[in-house]
Amino acid sequence: MLVMFFVNLVLVHLLTLHMGMNIFLFYLFDYVGLSAEYLMALTEYCVQKGKRSMQYILKTALGLFDEGVDSYETLEAWLCRKRSADDNIRRLAATCGWGDRELTANEKKYVRHWFEEAQASYELVHLAYEKTVDAIGKVRLAYMNKILDSWFEKGYRTPEEVNSGRQETKKTPESSSSFDADDFFAAAVKKGMSSDDE
């Protein structure tokens, strides 16, 4: 009886979905073992994204389950990270002048790497954006990615760490014969762009 109560609760919450597809909810609830709260929260997120297809929700639920997001608590943490990444992507799109258009596959690859996999802050990515535009005069995601990856390798997670790390590098005596990686990347890209123009 309790199972039917939860299933009915989910069904009432999902009235915006095609009624014939609700068999998938039974599968996720009964066979996979996802709670009604989990299914409601995930469905709400998908519907907010404009993804009302039950196949999409099923695929997302099973993918998350395979990744270990198998309880309401772990889903809430995942949704929090995902919403933060989505917000950062929107902010970056506005900064780069992309507007509301759908990102290309290449753009998605980079921004997902930065905001979802590496969980970089918007401020850190924005600093890489500024360095890219200052160095080459336009937005080039591959260039930004090289900057960000070098910062990630050094353990920098904030603009303050980047700035203090650069100051420490300039203060150490053995670095006087070395070079700044950001300056090197800028010079390499400028040289590559000038040879492309010839």
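Let me begin by describing the structure that accompanies this report. (Residues numbered from 1 in each chain as written. Predicted model: local features only at pLDDT ≥ 70, side-chain atom pairs only at ≥ 80, totals over all residues. Heavy atoms only, no water.)

**Remarks on the overall build of the protein**
Helix and strand counts for the protein come out as 10 helices and zero strands. Residue pairs at least 24 apart in sequence account for 62% of intrachain contacts in the protein once pairs closer than 6 positions are excluded. Surface summary for the protein: the accessible area is close to 11,900 Å², and the carbon and sulfur share equals 55%. (Helix = DSSP H or I, 4+ residues; strand = E, 2+ residues; numbered from the N terminus. Contact = heavy atoms within 4.5 Å. Areas by Shrake-Rupley, 256 points an atom, 1.4 Å probe, with all protein chains shown as cover.)

**Notes on the layout of surface pockets**
Here the largest pocket defines a volume of roughly 680 Å³. Along the walls of the largest pocket sit 20 residues, with Lys49, Asp86, Ile89, Arg90 and Glu102 positioned nearest its centre. Of all the secondary-structure elements, those providing two or more residues to the lining of the largest pocket are helix 3 (36-48), helix 5 (72-96) and helix 6 (105-117). If one sorts the elements of the lining of the largest pocket by residue count, helix 5 sits on top with seven residues. Class assignment for the residues of the lining of the largest pocket results in six nonpolar, two polar and 12 charged. Put simply, the second largest pocket is a space of about 530 Å³. Looking at the second largest pocket, it is lined by 20 residues, and the ones nearest its centre are Tyr45, Leu64, Trp78, Lys82 and Glu116. (1 Å grid on protein atoms, 1.4 Å probe; cavity = no way out; pocket = protein on both sides within 12 Å on 5 of 7 lines; lining within 4 Å. Points joined across faces, edges and corners; volume = space filled by probe spheres on them. Nonpolar A, V, L, I, M, F, W, Y, C, P; charged D, E, K, R; others polar.)

**Regarding the packing of aromatic side chains**
Following the criterion strictly, the structure yields two aromatic pairs and no others. Relative to Trp78, the ring of Tyr45 lies with its centre 5.8 Å away and its plane at 80 degrees, an arrangement referred to as edge-to-face. A residue pair is termed long-range when its members are at least 10 positions apart, and Tyr45 in helix 3 and Trp78 in helix 5 qualify at 33 residues. Both residues of the pair, Tyr45 and Trp78, count as buried. One cation-aromatic arrangement involves Lys51 over Tyr56; the distance from NZ or CZ to the ring centre is 5.5 Å. Note that Lys109 overlies the ring of Tyr110, its terminal NZ or CZ placed 4.6 Å from the centroid. (Phe/Tyr/Trp six-rings, centres within 6.5 Å; stacked < 30°, edge-to-face > 60°. Buried < 20%, exposed > 50% of the residue type's maximum accessible area, 1.4 Å probe, protein only. Lys NZ or Arg CZ within 6 Å of the ring centre and 35° of its normal.)

**Focus on the packing of helix 5 against helix 6**
As a packed pair, helix 5 and helix 6 sit with axes 9 Å apart at the nearest point and diverge in direction by 135 degrees. Relative to helix 6, the element helix 5 lies oblique. As for how helix 5 packs across helix 6, the hand of that crossing is right-handed. For the pair helix 5 and helix 6, contact is made by Lys82, Ala85, Asp86, Asn88, Ile89 and Leu92 and by Val111, Trp114, Phe115 and Glu116, respectively. In the contact of helix 5 with helix 6, the residues fall into six nonpolar, one polar and three charged. (Axes fitted to C-alpha atoms, helices over the stretch in contact; angles between N-to-C directions. Parallel < 35°, antiparallel > 145°, perpendicular 65-115°, else oblique. Left-handed = near helix turned anticlockwise from the far one by under 90°.)

**Observations concerning the pattern of salt bridges**
Counted according to the given criterion, the structure contains three salt bridges. A salt bridge links Glu107 to Arg101; the nearest nitrogen and oxygen atoms lie 2.7 Å apart. (Salt bridge = Lys/Arg side-chain N within 4 Å of Asp/Glu carboxyl O.)

**Examining the side chain of Asn88**
Mapping Asn88 onto the fold places it in helix 5. When its relative accessible area of 9% is taken as the criterion, Asn88 is described as buried. Those residues in contact with Asn88, other than ones at most four positions away along the chain, are Phe115, Ala120 and Tyr122.

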